[in-house]
Amino acid sequence: MAWRIFLTLIACGSIMACNSDNANAVKVNTTPEPVQSESVEAQTVDDSLSESESESESEILTQSATEPECDLESVNLLDFVPWQREEGWWVGEYTFLGADGDPNVSASWPYRYDHYRGFIHLEVIGNSIKQRNVFLYPAKNSSECDSVEDVVGSGICGDNGNEKVFSADQSASDCDGNLSGPFEAFGMTLSTTTTLIGDDTVLYQVRLPDGSFTQNQLTTLPPNDTRVRTAQGFFMGASTYASYYRERKVTKEEFVQLLEETRQEYNILELDYCGYDSGGSPSNVSCDEHFGVALGD
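A short tour of the structure in this document, coming up. (Residues numbered from 1 in each chain as written. Predicted model: local features only at pLDDT ≥ 70, side-chain atom pairs only at ≥ 80, totals over all residues. Heavy atoms only, no water.)

Some thoughts on the pairing of strand 2 (residues 116-125)
In the case of a regular strand, side chains alternate between the two sheet surfaces.
For step 1, the next point in the chain: Where burial is concerned, most of strand 2 is hidden: 8 out of the 10 residues are buried.
For step 2, the next point in the chain: Across 7 bridges, strand 1 (residues 88-98) lies against strand 2 in antiparallel orientation. Of the residues in strand 2, the one forming a bridge with Tyr94 is Tyr116.
For step 3, the next point in the chain: By the bridge criterion, 9 bridges tie strand 2 to strand 3 (residues 128-137) in an arrangement that is antiparallel. Residue pairing across strands places Gly118 opposite Phe135, the latter belonging to strand 3. (Buried < 20%, exposed > 50% of the residue type's maximum accessible area, 1.4 Å probe, protein only. Helix = DSSP H or I, 4+ residues; strand = E, 2+ residues; numbered from the N terminus. Pairing = 2+ DSSP bridges.)

See the structure below:
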């Protein structure tokens, strides 16, 4: 079941920023066969055009060689509209579906995925983005509990919900606002890329060490401090999950208030606050340590 946990980890915490063209599409050669010149004059024109094209190509290559390389250290991501919109505090309503289209059921995390909530702080620092999340899950339905101990931690199945933390960081990969960064999971180093598509669309991709993708995630940014994210998950080429996230930007004060209200609604024990990492193991950090700020201030 390790790969299931791995896929859940990827689905629940990708950067929002943060998907791909069909690399297997067949390319059809639509270029017509060259027409044989019927006269010396016509051939001379063809030769002149070829020489002109060669000179133009040479000029382009010379210009490219003299253009300065991108200084990644000098990139300021806040110069780009999508990152201006994405920076801040977010609260979201989430749905995570399995390969069969039904709400995901995890063997290692016995809580509900049909409707749960996420709280995200996304901070832009120069050429980098720092993301810290905590996801809150309602208790499993009592009718689905094998026992009252079908929980993680000290709660009671059917009574107490729980929560996980997630972290992700990326840095500029060019001077166009795009990002990349490694992601460590289950002894593997995965590559992540984030590509800006205009001012209102962001594509986030996660690839396995062999280059195959395991997630494509699309973020849409309407001009009203909301965002909608959908992710498609894959394992060995097969579709394994899909997610649907609806989020709105809030102030830090609203973030803290809504976080506390959701904890009360889901009946999450205080000792479980930010208590587990994305794999369901103890996080060994407090919420203030995880977010890097005092949430109570």
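Observations regarding the state of the cysteines
For step 1, the next point in the chain: Within the structure shown, the criterion is met by 3 disulfides.
For step 2, the next point in the chain: What pairs with Cys70 in a disulfide is Cys175, and their sulfur atoms sit 1.9 Å apart. Judged by the torsion about the S-S bond (95°), the Cys70/Cys175 disulfide is right-handed. On the criterion of sequence distance, the pair formed by Cys70 in the loop between helix 2 (40-66) and helix 3 (81-86) and Cys175 in the loop between strand 4 (162-172) and strand 5 (179-185) is long-range, its members being 105 residues apart.
For step 3, the next point in the chain: Judged by its relative accessible area of 35%, Cys70 is partly exposed.
For step 4, the next point in the chain: Classification of Cys175 as partly exposed rests on a relative accessible area of 36%.
For step 5, the next point in the chain: The side chain of Cys274 participates in a disulfide bridge whose partner is Cys287; the two sulfur atoms lie 2.1 Å from each other. Because the torsion about its S-S bond is 110°, the bridge between Cys274 and Cys287 counts as right-handed. In this pair, Cys274 is assigned in the loop between helix 4 (252-265) and helix 5 (287-291) and Cys287 in helix 5, connecting sequence segments 13 residues apart.
For step 6, the next point in the chain: Judged by its relative accessible area of 11%, Cys287 is buried. (Disulfide = S-S within 2.5 Å.)

A short note on helix 4
Because each turn of an α-helix spans 3.6 residues, side chains separated by three or four positions in sequence point in the same direction.
For step 1, the next point in the chain: Between its first and last C-alpha, helix 4 extends 20 Å over 14 residues, near the 20 Å set by a 1.5 Å rise per residue.
For step 2, the next point in the chain: Within helix 4 the residues assigned to the buried category are Phe255, Leu258, Leu259, Thr262 and Arg263. Taken around the axis of helix 4, the buried residues stretch over an arc of 140°, which confines them to a single face. What points out from helix 4, more than 90 degrees from its buried face, is the exposed set Glu253, Gln264 and Glu265.
For step 3, the next point in the chain: Packing partners of the buried residues in helix 4 comprise strand 1, strand 2, strand 3, strand 4, strand 10 (238-250) and helix 5. (Expected span 1.5 Å × (residues − 1). Arc of directions from axis to C-beta. Contact = heavy atoms within 4.5 Å.)

Details of the packing of aromatic side chains
For step 1, the next point in the chain: Inspection of every chain in the model, using the stated rule, returns 16 aromatic pairs.
For step 2, the next point in the chain: Taken together, a centroid distance of 5.7 Å and an interplanar angle of 55° make the contact between Tyr94 and Phe135 tilted. Pair noted here: Tyr94 is in strand 1 and Phe135 is in strand 3, with a separation of 41 residues, a long-range link.
For step 3, the next point in the chain: Considering the side-chain rings of Tyr94 and Tyr245, the 4.4 Å spacing of their centres and the 50° angle between planes classify their relative orientation as tilted. Here the residue Tyr94 occupies a position in strand 1, and Tyr245 occupies one in strand 10, the gap between them amounting to 151 residues. Both residues of the pair, Tyr94 and Tyr245, belong to the buried class.
For step 4, the next point in the chain: Connected via pairs of aromatic rings, a cluster forms that spans Tyr94, Phe96, Trp109, Tyr111, Tyr113, Tyr116, Phe135, Tyr137, Tyr241, Tyr245 and Tyr276.
For step 5, the next point in the chain: Here Arg246 stacks its cationic end above the ring of Tyr244, 4.4 Å away from the centre of that ring. (Phe/Tyr/Trp six-rings, centres within 6.5 Å; stacked < 30°, edge-to-face > 60°. Lys NZ or Arg CZ within 6 Å of the ring centre and 35° of its normal.)

Here's the deal with the sheet that holds strand 9 (residues 226-235)
For step 1, the next point in the chain: Strand order around the closed barrel formed by 10 strands is 1-2-3-4-5-6-7-8-9-10, with antiparallel pairing between neighbours. Averaged over all pairs of adjacent strands, the angle between strand axes in this sheet comes to 25°, irrespective of strand direction.
For step 2, the next point in the chain: Strand direction decides the pairing type here: strand 3 and strand 4, joined by 10 bridges, are antiparallel. Its bridge partner lying in strand 4, Asn133 is registered against Phe166.
For step 3, the next point in the chain: Against the sheet, helix 4 makes contact with strand 1, strand 2, strand 3, strand 4 and strand 10, and its axis sits at roughly 155° relative to strand 2, the strand it touches most. (Axes fitted to C-alpha atoms, helices over the stretch in contact; angles between N-to-C directions.)

Quick look at the pattern of salt bridges
For step 1, the next point in the chain: The final tally for this structure, using the stated rule, is 9 salt bridges.
For step 2, the next point in the chain: Here Arg117 makes a salt bridge to Glu93, at a shortest N to O gap of 3.1 Å. Here Arg117, found in strand 2, pairs with Glu93, found in strand 1; they are 24 residues apart in sequence, far enough to count as distant.
For step 3, the next point in the chain: Between Asp150 and Lys140 there is a salt bridge, and its shortest N-O distance comes to 2.9 Å. Of this pair, Asp150 sits in the loop between strand 3 and strand 4 while Lys140 sits in the loop between strand 3 and strand 4, and the two are 10 residues apart along the sequence. Each member of the pair, Asp150 as well as Lys140, is classed as buried. (Salt bridge = Lys/Arg side-chain N within 4 Å of Asp/Glu carboxyl O.)

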